[in-house]
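Take a look at the letters that make up each chain.
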Amino acid sequence: MKFEDAISRIEEIIKKLETGEIPLEESLKLFEEGINLINFCQKKLNEVEQKVEILVKNEGGEVETRPFDPSLGRTEPQ
């Protein structure tokens with residue numbers, strides 16, 4: 001499954017659950033499916049995050065790559 005497809009399905013599930021017109025058992029199944037899809041998306045995001053590198057210029061004006069640290073929202077020197 002593609003990340004984008006999972007997000008679309010999560011959106012569909014949310015819309016169905018928000019109506020309040022679905023029987024409890026079906027709501028629970030949709031909720032479980034949504035949780036599984038969210039976990040899938042989180043795993044994909046974590047994988048991509050580990051691969052992300054940002055090109056930056058160092059003090060000498062040369063371009064180098066540095067790993068992206070999402071917790072800081074910026075690159076960290078290696």
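Higher on the page you've got the structure.
Keep in mind that what you see is a predicted model, and the values were worked out from it rather than measured.

### Quick notes on the nonpolar core
In terms of nonpolar packing, the biggest core is built from seven residues, these being A6, I10, I13, I22, L30, L37 and C41. When contributions to this core are tallied by element, the ones reaching two or more residues are α1 (3-19) and α2 (24-51). Every residue in contact with L30, bar those within four places of it in the chain, is listed here: R9, I13, K16, L17 and I22.

### Examining the packing of α1 against α2
Packing of α1 against α2 leaves a shortest axis separation of 9 Å and a crossing angle of 150°. Taken together, the axis directions place α1 and α2 in an arrangement best described as roughly antiparallel. The hand of the α1/α2 crossing is left-handed. Contacts from F3, A6, I7, R9, I10, I13, K16 and L17 of α1 reach α2 at S27, L30, F31, E33, G34, L37, I38, F40, C41, K44 and L45.

### Re a nonpolar patch on the surface
Where nonpolar side chains cluster on the molecular surface, the patch consists of L17, L28, F31, I35 and I38 and spans about 430 Å² of accessible area. By residue number, the principal contributor to the nonpolar patch is α2, which donates four residues. Looking at the element boundaries, I35 is found in helix α2.

Calculation notes
- Residues numbered from 1 in each chain as written.
- Predicted model: local features only at pLDDT ≥ 70, side-chain atom pairs only at ≥ 80, totals over all residues.
- Heavy atoms only, no water.
- Core = buried A, V, L, I, M, F, W, Y, C linked by side-chain atoms within 4.5 Å.
- Buried < 20%, exposed > 50% of the residue type's maximum accessible area, 1.4 Å probe, protein only.
- Helix = DSSP H or I, 4+ residues; strand = E, 2+ residues; numbered from the N terminus.
- Contact = heavy atoms within 4.5 Å.
- Axes fitted to C-alpha atoms, helices over the stretch in contact; angles between N-to-C directions.
- Parallel < 35°, antiparallel > 145°, perpendicular 65-115°, else oblique.
- Left-handed = near helix turned anticlockwise from the far one by under 90°.
- Patch = residues over 30% accessible without salt bridge, like charges linked within 9 Å, V, L, I, M, F, W, Y side chains within 5 Å.
- Areas by Shrake-Rupley, 256 points an atom, 1.4 Å probe, with all protein chains shown as cover.
- Salt bridge = Lys/Arg side-chain N within 4 Å of Asp/Glu carboxyl O.

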